[in-house]
Amino acid sequence: MSRTAFTKAYGRIRMLYSIEDPWQMSSPKEQHRFQETVRILSEVQPKYSSILELGCGEGHQSQFLGTLTDQLYGVDISPKAVERAAARCPEGKFQAGELEAVATMFNGQKFDLITACEVLYYTKDLAEILPTLQAMTHRLFVSNYKPRNEHMRAHFEGNGWRALDSISYEDVDWECRLWESEEVTIES
């Protein structure tokens, strides 16, 4: 199923979760991406005090991210997906809601790391959501399917942003970027 068909269409994404694993997250390709994401993040910092995973889906990647923290949180647009994520990762805290409402959902909570892996394509206004996310974290990790990242890349450049290792699997590539707050940069 093409992800392009779901850009800015939260209702259609919710419907997609009427079946289990609609994005084929249990496939070898996605499992490789999850393993590599954890490797890259552990090279930035071995452990995180808290992680918020945006677009947690059914918790496939949450299982991997949970190895980096004792406080894992997840948000997804689909209540059904969140229910499955909670079953898959009972140690996590998962909520259903729109990406644009995440600041309200977590009401001033600050996270050591927020991950947005292949999810920012679906936001209604990327330029508006990024400062909101940055205010909620010390670090923001973004990964995007390379062809879809072409039109988004400019948002992940400038103060605090840096490129990390790309992830590749056969003929598929994902670009990874990390934003760190000035307080993290000063501590380093």
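Now for a description of the structure that goes with this document.

### A short note on the overall build of the protein
- Within the protein, the regular secondary structure consists of 8 helices and 8 strands.
- Each of the 188 residues in the protein was classed as buried or not, and the buried ones make up 53%.
- Excluding contacts between residues fewer than 6 apart, the proportion of contacts in the protein whose partners are at least 24 apart in sequence is 64%.

### Structural notes on helix H2 (residues 28–44)
- End to end, H2 covers 25 Å across 17 residues, agreeing with the expected 24 Å (1.5 Å per residue, within 8%).
- Looking only at H2, the buried set comprises Glu30, Arg33, Phe34, Thr37, Val38, Ile40 and Leu41. Along H2, the residues classed as buried sweep out an arc of 165° about the axis, all on the same side. Summarising the geometry of H2, the exposed residues directed more than 90 degrees from the buried face are Pro28 and Glu43.
- In this structure, the buried residues of H2 make contact with helix H3 (60–65), strand S4 (113–117), strand S5 (139–145), strand S7 (167–169) and strand S8 (172–180).

### Side note on the environment of Phe34
- Looking at the secondary structure, you find Phe34 in helix H2.
- As for Phe34 and His60, which are separated by 26 residues in sequence, their C-alpha atoms are 8.3 Å apart.
- Discounting residues that sit within four places of it in the chain, Phe34 has contacts with Met25, His60, Gln61 and Phe64.

### Topic: the side chain of Arg177
- Among the secondary structure elements, Arg177 is positioned in strand S8.
- Discounting chain neighbours no more than four positions away, the residues touching Arg177 are Leu140, Phe141, Val142, Arg153, Phe156, Trp161, Arg162, Ala163 and Leu164.

### Some remarks on unusual backbone geometry
- For Asn107, which is not glycine, the phi dihedral falls at a positive 30°.
- Phi at Glu170 is positive, roughly 50°, even though this residue is not glycine.
- Relative to the assigned elements, Glu170 resides in the loop between S7 and S8.

### Regarding the environment of Phe64
- Secondary-structure assignment places Phe64 in helix H3.
- Linking Phe64 and Arg39, residues 25 residues apart in sequence, is a C-alpha distance of 9.9 Å.
- Residues in contact with Phe64, not counting those within four places in the same chain, are Gln31, Phe34, Gln35 and Val38.

Calculation rules
Residues numbered from 1 in each chain as written. Predicted model: local features only at pLDDT ≥ 70, side-chain atom pairs only at ≥ 80, totals over all residues. Heavy atoms only, no water. Helix = DSSP H or I, 4+ residues; strand = E, 2+ residues; numbered from the N terminus. Buried < 20%, exposed > 50% of the residue type's maximum accessible area, 1.4 Å probe, protein only. Contact = heavy atoms within 4.5 Å. Expected span 1.5 Å × (residues − 1). Arc of directions from axis to C-beta.

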